[in-house]
Amino acid sequence: MTRRRIAALPYGPDAWLLRFAERPGEAAFQSMRAITRALETDPPPGLVEYVPGYTSVLIEFAPGPAPDLGKLLTRLNRRLGEAIEPGPIHDIPVRYDGPDLVRVAEHAGLSVAEVIERHAGTVYRVALLGFAPGFPYLDGLDPALATPRLATPRSRVEAGSVAIGGDHTGIYSVPGPGGWNLIGRTSLRLFDPGRATPADPAAMCWLRPGDRVRCVPEAA
Amino acid sequence: MTDVLEVVSPGLLATIQDGGRPGWRRFGIPPGGAMHRGAWREANRLLDNPPEAAVLECLQGASLVVLETVELATAGTWGARAWRAAAGERIEFPASLAGVWHYLALPGGINAERFLGSASVCARARIGAALARGDRLAGLAAPRGRFPAGVKARQPAATFAYDDSPLGIWPGPQWDAFDEASRTAFLTGDWRVSARSDRTGYRLEGQALVPPPGNLASEPVRVGSVQVPPDGQPLVTLNDGPTVGGYAKIALVDAADLDRLVQTRPGQAVRFRSLA
């Protein structure tokens, strides 16, 4: 059995990035779910917030006595390898007419139609929400479609834009600056503060980590 | 409470802000809140408000008119002061070389809708909206007719102003992955704040840094992180910025120095010094 261990990288005087994997993938995703579940159900004293990423989880502490990091890491290391059940599949209607579709096709050496076919032919998994409110980082992009981020990010990308950044695909949940390649657009509102209720504030986000997503092409 | 102020012009940007909504970044919600924490707190202190009360944050050029006589306090670019404003009085926050952000407090804090425990507007997240001409503001407490005992009612602008002394930084998670030349260039360089700066982040211009090779898996980003995109021009993530990102983070600006950074106007100089 491979011995996995979490490394704690300082990120300012009161925070650490807990690095649990070298690269994204199935093992990293399972580790992230196991670690965040442990932080959620049994937070260490003084923890203000945790934020998951692909290969790391940020933990931020309130000012005060230094947290017992060694004890936390021992506890979290024991949780690695826990299996977490997958979430439901959501269909998302997408109009594939983004301004960077041709750039992605050229980079991949494919036709635009082939790019659409490959992008819509995959069931993606929501790895995490982040970057912007309710923005899903979707795992499972066909490696042929991986395209480097733009050298200079756009200052405005519209909500609903379906995009590829490096080897990830995602859907912009709100308008804002962004450096990903825009390939299409959905009318679905992935983030809507109006959906939040006191009992379920997380309902503001259409998708949750672990959910799965299928893009269904719409006629232009 | 009744409306006591009306927006004549919001200037470049006028929004309601408080301490923000930390704790929701795993849903992608940025912490938000007042850009200049010291000025936000001072405006509330001058009126004996709860420390976390919501205030009006003005970028520059805002203009308001007083509808009913009321105690007001301002703090920020234009210094700090508390006074009783008479109905009909105009309040102006024109552009200033001294800084960027200015705050206006009402008795008890501004009455505003809250989301996830905070009244802070985050236009990028479609949480609330920036103020527009004709919008009216009310305090949560009636005008008191007095000021808290011992309040120093005037402070010079310099208290909250831009100054060019170096900002303290901690090494970012990718500090060791940057080459020696880039680390040195970052720490010794004279950076200029770009005009493409806002509540999400301040862009810096200077000698291009070289980001570490390879694609970084998207990872959490703290407020104050100095990210280096492929074009080598650093971007300091601020209150309304992304919660996760794939650019290498060379450094983290110390939280205590963010107030000075955010008062830096486009074209003004920023320098760094290591706290590690």
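Every value quoted in this text rests on a predicted model; they were computed, and no experiment measured them.

The rules behind the values
Residues numbered from 1 in each chain as written. Chains lettered and ligands numbered in written order. Predicted model: local features only at pLDDT ≥ 70, side-chain atom pairs only at ≥ 80, totals over all residues. Heavy atoms only, no water. Helix = DSSP H or I, 4+ residues; strand = E, 2+ residues; numbered from the N terminus. Rg over C-alpha atoms; globule rule 2.2 N^0.38 Å. Buried < 20%, exposed > 50% of the residue type's maximum accessible area, 1.4 Å probe, protein only. Contact = heavy atoms within 4.5 Å. Areas by Shrake-Rupley, 256 points an atom, 1.4 Å probe, with all protein chains shown as cover. Domains from an automatic or database assignment. Buried area = accessible area lost by both parts, 1.4 Å probe. Salt bridge = Lys/Arg side-chain N within 4 Å of Asp/Glu carboxyl O. Polar contact = N/O pair within 3.5 Å; in protein donor to acceptor, adjacent residues only side chain to side chain. Pairing = 2+ DSSP bridges. Axes fitted to C-alpha atoms, helices over the stretch in contact; angles between N-to-C directions. Parallel < 35°, antiparallel > 145°, perpendicular 65-115°, else oblique. Left-handed = near helix turned anticlockwise from the far one by under 90°. Nonpolar A, V, L, I, M, F, W, Y, C, P; charged D, E, K, R; others polar. Phe/Tyr/Trp six-rings, centres within 6.5 Å; stacked < 30°, edge-to-face > 60°. Lys NZ or Arg CZ within 6 Å of the ring centre and 35° of its normal. Core = buried A, V, L, I, M, F, W, Y, C linked by side-chain atoms within 4.5 Å.

Undergrad: Would you mind showing me how to read the overall build of chain B here?
TA: Within chain B one finds 3 helices and 20 strands. A compact globule built from 276 residues would reach a C-alpha radius of gyration of about 19 Å, and chain B, at 19 Å, matches this within 12%. With 276 residues in all, chain B has 59% of them scored as buried. The long-range fraction of contacts in chain B, counting pairs at least 24 apart against all pairs at least 6 apart in sequence, stands at 76%. For chain B, the accessible surface area stands at approximately 10400 Å², while carbon and sulfur atoms represent 53% of it.

Undergrad: Just checking my understanding: could you explain the domain arrangement of chain B for this structure?
TA: As a measure of interface size, the accessible area lost when the parts come together is often cited. Residues and elements named next belong to chain B. For chain B, the assigned domains read domain 1 (3–160) and domain 2 (167–274). Its C-alpha centre places domain 1 at a distance of 28 Å from the equivalent point of domain 2. Between domain 1 and domain 2, the residue contacts involve 29 residues of the former and 19 residues of the latter. Roughly 1700 Å² of surface becomes buried between domain 1 and domain 2 when both sides are summed, with 49% attributable to carbon and sulfur atoms. Ranking the residues of domain 1 by area buried against domain 2 places R25, M35 and R124 at the top, with a combined share of 34%. At the junction of domain 1 with domain 2, the criterion picks out 1 salt bridge. If you look at where domain 1 meets domain 2, you find 17 residue pairs in polar contact (both at pLDDT 80 or more).

Undergrad: Mind showing me how you'd approach the sheet that holds strand 1 (residues 3–9) of chain B here?
TA: Residue and element names in this part refer to chain B. Read across the sheet, 4 strands follow the order 7-4-1-9 without closing on themselves; strand pairing throughout is antiparallel. Sheet topology places strand 7 (90–93) and strand 9 (136–138) at the edges, where each strand pairs with a single neighbour. The average undirected angle you get between the axes of adjacent strands in this sheet is 25°. As paired elements, strand 1 and strand 4 (residues 62–66) share 4 bridges and run antiparallel to each other. Bridge pairing in strand 4 places E6 opposite V65.

Undergrad: Would you mind showing me how to read the packing of helix 1 (residues 26–41) of chain A against helix 2 (residues 69–79) of chain A here?
TA: Each packed pair of helices is defined by two parameters, the angle between the axes and the distance between the axes. Residues and elements named next belong to chain A. Look at helix 1 against helix 2: their axes get within 9 Å of each other, and the N-to-C directions meet at 130°. Judged by the angle between their axes, helix 1 and helix 2 are oblique. Relative to helix 2, the crossing made by helix 1 is right-handed. Facing helix 1, whose interface residues are A34, I35, R37, A38 and L39, helix 2 presents L72, R75, L76 and R79. By residue class, the composition of the contact of helix 1 with helix 2 is 6 nonpolar, no polar and 3 charged.

Undergrad: Help me out: how do you make sense of the pattern of salt bridges in this one?
TA: For the structure on display, the rule yields 28 salt bridges over all chains. Between B:R25 and A:E60 there is a salt bridge, with its nearest N and O atoms 2.8 Å apart. With B:R25 in the loop between strand 2 (14–17) and helix 1 (37–46) and A:E60 in strand 4 (residues 56–61), the pair connects residues from two separate chains. A:E60 gets classed as buried once you look at its relative accessible area, which sits at 13%.

Undergrad: I keep staring at the domain arrangement of chain A and nothing clicks. Help me out?
TA: All names here are of chain A. Assigned domains of chain A: these are domain 1 (7–79) and domain 2 (89–217). The centre of domain 1, based on its C-alpha atoms, is set 27 Å off from the matching centre of domain 2. Taken together, the contact between domain 1 and domain 2 spans 8 residues of the former and 10 residues of the latter. Summing the contributions of domain 1 and of domain 2, the shared interface buries around 710 Å²; its carbon and sulfur component is 60%. If you sort the residues of domain 1 by the area they bury against domain 2, F29, R33 and Y54 come out on top, with a joint share of 69%. Run the count over domain 1 and domain 2 and you get 1 salt bridge. Put simply, R125 and E26 hold a salt bridge, and the shortest N to O gap is 2.9 Å. Counting across the interface, domain 1 meets domain 2 through 2 residue pairs in polar contact (both at pLDDT 80 or more). With 4 residues, helix 1 is the single largest residue contributor to the side of domain 1 that touches domain 2. Across the side of domain 1 that touches domain 2, the residue classes tally to 4 nonpolar, 2 polar and 2 charged.

Undergrad: Before we go on, may I ask you to explain the packing of aromatic side chains in this structure?
TA: Each aromatic ring pair is summarised here by two numbers: the centre-to-centre distance and the angle between the ring planes. The tally for this structure, following the rule as stated, stands at 9 aromatic pairs over all chains. Judged by centre distance (5.4 Å) and plane angle (75°), the ring pair of A:F135 and A:Y172 falls under edge-to-face. Of this pair, A:F135 sits in the loop between strand 6 (123–129) and strand 7 (136–139) while A:Y172 sits in the loop between strand 10 (168–171) and strand 11 (176–178), placing them 37 residues apart in sequence. In terms of burial, A:F135 and A:Y172 fall into one category: buried. Summarising the aromatic geometry, the rings of A:Y137 and A:W180 are spaced 5.5 Å apart at their centres and angled 85° between planes, so their arrangement reads as edge-to-face. Of this pair, A:Y137 sits in strand 7 while A:W180 sits in the loop between strand 11 and strand 12 (181–185); the two residues are 43 residues apart in sequence, bridging distant segments of the chain. The exposure class of A:Y137 is buried, given its relative accessible area of 1%. Feature note: the residues A:Y54, A:F135, A:Y137, A:Y172 and A:W180 constitute an aromatic cluster, connected by ring pairs. Here the basic side chain of B:R81 rests over the ring of B:W83, its NZ or CZ set 3.8 Å away from the ring centre.

Undergrad: Help me understand the side chain of A:D142, please; the structure alone is not making it clear to me.
TA: Position of A:D142 relative to the elements: it lies in the loop between strand 7 and strand 8 (154–157). A:D142 gets classed as buried once you look at its relative accessible area, which sits at 18%.

Undergrad: What exactly am I supposed to notice about the nonpolar core here?
TA: Note that soluble globular proteins tend to have their nonpolar side chains buried in a common cluster. Grouped together as the largest cluster of nonpolar side chains are 79 residues, with contacts concentrated most on A:L39, A:I59 and A:M204. The dominant element in this core, judged by the number of residues it contributes, is helix 1 of chain A, at 6 residues. Judged by nonpolar contacts, the second largest core, of 42 residues, contains B:F160, B:W191, B:V226 and B:A248.

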